[in-house]
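Close look at the chain arrangement
One letter stands for each residue in the lines below.
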Amino acid sequence: MLKKYLSLRWVLLGTAIVTILGLTAMNVFSLFRLHQTTIESDLENKKLQVSEFTDKVHHRFFNPYWGIDKLDMDHTQRVFEQTGQFPPAFQRHIEQAAADSIFTDIYFKPHGCRACQNETSLLRFDQLDRKFKPTTEYSEFVCDGMGIARTRMKVLIDEYRFNYKSIFDTHYSMTLALINLSEQEIFGYLTMLIDQDYLVNEYLHKELVRRFGNPDSSGVVVWLRDWTKDETVISSDHARTFDEDKVQYKQRFPDFFDNWTLKVAFTESPTIAASKASLFKNFAVLGGAVVILLGAIGFIFVTAQKERALAERQAGFLANVTHELKTPLAVMQAAGENLADGRVDNKERLQSYGRHIHSEALRLKRMIEKLLDVAKADAGQSIIEPKPVDLNRLVQRYLDNHEPYINNKGFTLDISMDESLPPVMVDEDSFNTIIGNLVENAIKYSEDEKYIGIQLQKKHTQVRLEIEDHGVGIPRSAIKHIFEKFYRVEDSLTAQSKGHGLGLSIVKNLVELNGGTIQVDSVKGNGSTFIVEFPILVDPGNNGNGTTDEQSQQHINQQDKPQYVG
Ligand code: ADP
């Protein structure tokens, strides 16, 4: 049954760990995906911004012409044919275009005019007189613009539904083909020459820097490249020279500025930096949580294992204890029966029976006392009556009672006591149990070298009792367990010796109840030294003995005896 639970426990532990690791992996994956999605949407967003930029540039050229799509071109054409000028509604747009720094001159070629083909005159808008006047001086850019527009419109005109169409000749000119929708014919071409210097240096450059100038916040560097000449016209950040390898995205101007391309390099934008930082924080928190969780599970598991080991030891102890109690009883019973029957009349045998019964009764008594001590400590009912005592006296009394016994066991006693020890607050019975158990262990766990050293001396603010033996010693891994209830080192000597792993737990409990500490210094095969220390009692009026006020107060309080401590 127990084995079944044990394997179930392992299965549950495994499942818990696998679940936690699985969930963590899923979380890491989702966080990573989220980060990837953020990067992707950030890239999309940057591309959108570049395309918004080209759209805005396109719209910039139509600033003066907003609303001409609503004008009646049939009427405009008629007025022009009658007066040689445009009606006021159209004239307003021309004047606005003439005032716009992005355009230099404005030319108009009415339908049927053969200018550009045989050097006939063309109409040019005169800003002072605010009129179109004929001129024979016009650059070939004007003719190029009008020519390109004418070619385009030939293909388009049949299906075209708007009253004008704009056509760019790269970045040199913009031509508006004016369309009389009722006749479905073009009645003239209005060509605006573009001011190159203004376009590049005043408008495009400023706009590019305004939008993308700081790569730390925009996350992009944009170069405007003339691909016909393979040169950079302008860039959003002068500090970064053009490098084709860094270009991750290209964008053409939609249907205008044919020989220009925007080339874009992406840098880390604040969104990505924030996402990265958050990813890192999330990983850190997740990692921490997993470590804590696994630690907690491990802790619970280890404690459960310890409890199980304790339960097993307790069960073993119960079986043992029953046996131990029965053995002396059986011996006494048999001896008692023999005596009662009058079968033993020889004086020596009578004495031997008496000794037997006496020693078995003592064994039984010791056993029962130990059990009671443990039970009391467990129930929190240990009664101690601390009094100011001179430990010299208590050790001496113990030795007076036990020295013959120790010597009989073949041990050499090496005693060293500081005769002028200050008093300590200790319960006498507790002390007897403490020293008794420690000496008993020293005897039990010694083999060939039968030596017991007892030292009593003052150490700073403590009185220290050291009990040393040259016995089997304690393995390093067992040292932290020996004060636990029912714990016994697993070696052959321990197995041979009688005991239940209770002595040291009782000793520790009593030492601590009396305000002291206990530690052990031992090397396997090289003997052990148990060190018990009690704080020196200080006269409340005389605080000059190295003891603190706090300690004095503690001792005064302890004098209200008896104390029930647990
Ligand atoms: P018990 O002696 O009844 O087993 P204790 O609680 O007194 O129980 O001791 C616990 C264990 O510590 C012992 O089983 C023994 O293995 C080890 N031990 C205690 N004292 C000594 C010592 N002086 N030398 C070596 N091992 C010791």
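Up top is the structure.
Presented here is an overview of the structure given in this document. (Residues numbered from 1 in each chain as written. Predicted model: local features only at pLDDT ≥ 70, side-chain atom pairs only at ≥ 80, totals over all residues. Heavy atoms only, no water.)

Overview of the pattern of salt bridges
- Taken as a whole and assessed by the stated rule, the structure comprises 23 salt bridges.
- For the salt bridge of lysine 133 with aspartate 126, the shortest nitrogen-to-oxygen distance reads 3.2 Å.
- A relative accessible area of 31% places lysine 133 in the partly exposed class.
- Two residues, arginine 464 and glutamate 533, come together in a salt bridge whose shortest N-O distance is 2.7 Å. With a gap of 69 residues between them, arginine 464 in strand 16 (residues 462-469) and glutamate 533 in strand 18 (residues 528-535) connect regions that are remote in the sequence.
- Accessibility expressed as a relative area gives 18% for arginine 464, which makes it buried.
- Relative accessible area serves as the criterion here: at 11%, glutamate 533 is assigned to the buried category.
- The structure contains a network of salt bridges with shared partners spanning Glu52, Lys56, Glu207, Arg210 and Arg211. (Salt bridge = Lys/Arg side-chain N within 4 Å of Asp/Glu carboxyl O. Buried < 20%, exposed > 50% of the residue type's maximum accessible area, 1.4 Å probe, protein only. Helix = DSSP H or I, 4+ residues; strand = E, 2+ residues; numbered from the N terminus.)

Some words on the packing of aromatic side chains
- One pass over the structure, following the stated rule, counts 26 aromatic pairs.
- Consider the rings of phenylalanine 61 and phenylalanine 168, whose centres lie 5.1 Å apart with planes at 85°: the pair is edge-to-face. Within this pair, whereas phenylalanine 61 is found in the loop between helix 1 (2-60) and helix 2 (73-83), its partner phenylalanine 168 is found in strand 4 (residues 164-169), the two being separated by 107 residues in sequence.
- Phenylalanine 61 gets classed as buried once you look at its relative accessible area, which sits at 0%.
- Through successive ring pairs, a cluster of aromatic residues spans Phe61, Phe103, Phe168, Phe253, Phe256, Phe257 and Trp260.
- The ring of tyrosine 203 is capped by arginine 60, whose NZ or CZ atom sits 5.5 Å from the centre of that ring. (Phe/Tyr/Trp six-rings, centres within 6.5 Å; stacked < 30°, edge-to-face > 60°. Lys NZ or Arg CZ within 6 Å of the ring centre and 35° of its normal.)

Overview of the site of the ligand
- In the region of the ligand, 20 residues are neighbours, and Asn441, Tyr445, Asp469, Arg488 and Leu504 sit closest.
- Between valine 489 and the ligand, the recorded distance is 3.2 Å, taken from a backbone N or O atom to an oxygen atom.
- Here the ligand has 530 Å² of accessible area as a free molecule, and 99% of this is covered by the chains.
- Listed by contribution, the elements that provide at least two residues to the shell around the ligand are helix 10 (428-444), helix 13 (503-513) and strand 18.
- Residue composition of the shell around the ligand, grouped by class: nine nonpolar, eight polar and three charged. (Near = heavy atom within 4 Å. Polar contact = N/O pair within 3.5 Å; in protein donor to acceptor, adjacent residues only side chain to side chain. Areas by Shrake-Rupley, 256 points an atom, 1.4 Å probe, with all protein chains shown as cover. Nonpolar A, V, L, I, M, F, W, Y, C, P; charged D, E, K, R; others polar.)

Details of helix 2
- Every buried residue belonging to helix 2 is among Met73, Thr76, Gln77, Val79 and Phe80, and all of these are buried. All buried residues of helix 2 project into a common sector of 165° when viewed along the axis, lining one side. More than 90 degrees from the buried face of helix 2, the exposed residues found are Glu81 and Gln82.
- On its buried face, helix 2 sits against helix 3 (88-99), strand 1 (103-110), strand 2 (122-126), strand 5 (173-180) and strand 6 (185-194).
- With a side-chain oxygen lying 3.0 Å from the backbone nitrogen of aspartate 74, the N-terminal cap of helix 2 falls on aspartate 72.
- The first or second residue beyond helix 2 is glycine 84, which carries a positive phi of 80°. (Arc of directions from axis to C-beta. Contact = heavy atoms within 4.5 Å.)

As for the sheet that holds strand 15 (residues 451-459)
- Sheet architecture is open: five strands sit in the order 13-15-16-18-17, paired in mixed fashion. In this open sheet, the two strands that pair with only one neighbour each are strand 13 (412-417) and strand 17 (517-522). Pairwise comparison of adjacent strand axes, ignoring direction, gives a mean angle of 15° for this sheet.
- Two elements, strand 15 and strand 16, share eight bridges in a ladder whose sense is antiparallel. Across the sheet, lysine 458 pairs through a bridge with valine 463, a residue of strand 16. (Pairing = 2+ DSSP bridges. Axes fitted to C-alpha atoms, helices over the stretch in contact; angles between N-to-C directions.)

Let's talk about the pairing of strand 15
- Two elements, strand 13 and strand 15, share six bridges in a ladder whose sense is parallel. Bridging from a neighbouring strand, threonine 412 pairs with tyrosine 451 of strand 15.
- Between strand 15 and strand 16, which follow one another and run antiparallel, lie two residues, and histidine 460 among them has a positive phi close to 50°.

Points about the pairing of strand 17
- Alternating positions in strand 17 separate cleanly, Ile518, Val520 and Ser522 being buried on one face and Thr517, Gln519 and Asp521 remaining unburied on the opposite face.
- As paired strands, strand 17 and strand 18 are joined by six bridges and run antiparallel to one another. Counterpart to isoleucine 518 in the pairing with strand 18 is valine 532.
- Counted along the chain from strand 17 to the antiparallel partner strand 18, the turn is five residues long, and its residue glycine 525 has a positive phi close to 85°.

Brief notes about the side chain of arginine 60
- If you trace the backbone, arginine 60 turns up in helix 1.
- If we skip the residues at most four places from it in the chain, arginine 60 touches Asp100, Ile102, Tyr198 and Tyr203.

As for the sheet that holds strand 7 (residues 220-226)
- Spatially, 8-7-10-9 is the arrangement adopted by the four strands of the open sheet, whose pairing is antiparallel. Sheet topology places strand 8 (231-235) and strand 9 (249-252) at the edges, where each strand pairs with a single neighbour. For this sheet the average axis-to-axis angle between neighbouring strands, irrespective of direction, equals 30°.
- For strand 9 and strand 10 (residues 260-266), the ladder comprises four bridges, and the chain directions are antiparallel. Each bridged residue has a counterpart across the sheet, and for tyrosine 249 the counterpart in strand 10 is valine 264.
- Strand contacts of helix 5 (residues 196-212): strand 7, strand 8 and strand 10, with the helix running at about 65° to strand 8, the strand carrying the most contacts.

Some details on helix 4 (residues 140-156)
- Taking 1.5 Å per residue as the helical rise, helix 4 with its 17 residues ought to reach 24 Å, and the 24 Å between its terminal C-alpha atoms agrees with that figure.
- For helix 4, the full list of buried residues reads Val142, Cys143, Gly145, Met146, Ala149 and Met153. Looking down the long axis of helix 4, one finds its buried residues gathered within 160° of arc, a one-sided arrangement. Looking at helix 4, the residues exposed on the side facing more than 90 degrees away from the buried face are Glu140, Thr151, Lys154 and Val155.
- On its buried face, helix 4 sits against strand 1, strand 2, strand 4, strand 5 and strand 6. (Expected span 1.5 Å × (residues − 1).)

Description of unusual backbone geometry
- Its identity is not glycine, yet cysteine 116 carries a phi of approximately 75°, on the positive side.
- The residue cysteine 116 is located in the loop between strand 1 and strand 2 in this model.
- Residue cysteine 116 is classed as partly exposed on the basis of its relative accessible area, which comes to 29%.
- In this model, arginine 130 sits at a positive phi of 55°, which is unusual for a non-glycine residue.
- Inspection of the secondary structure assignment puts arginine 130 in the loop between strand 2 and strand 3 (131-135).

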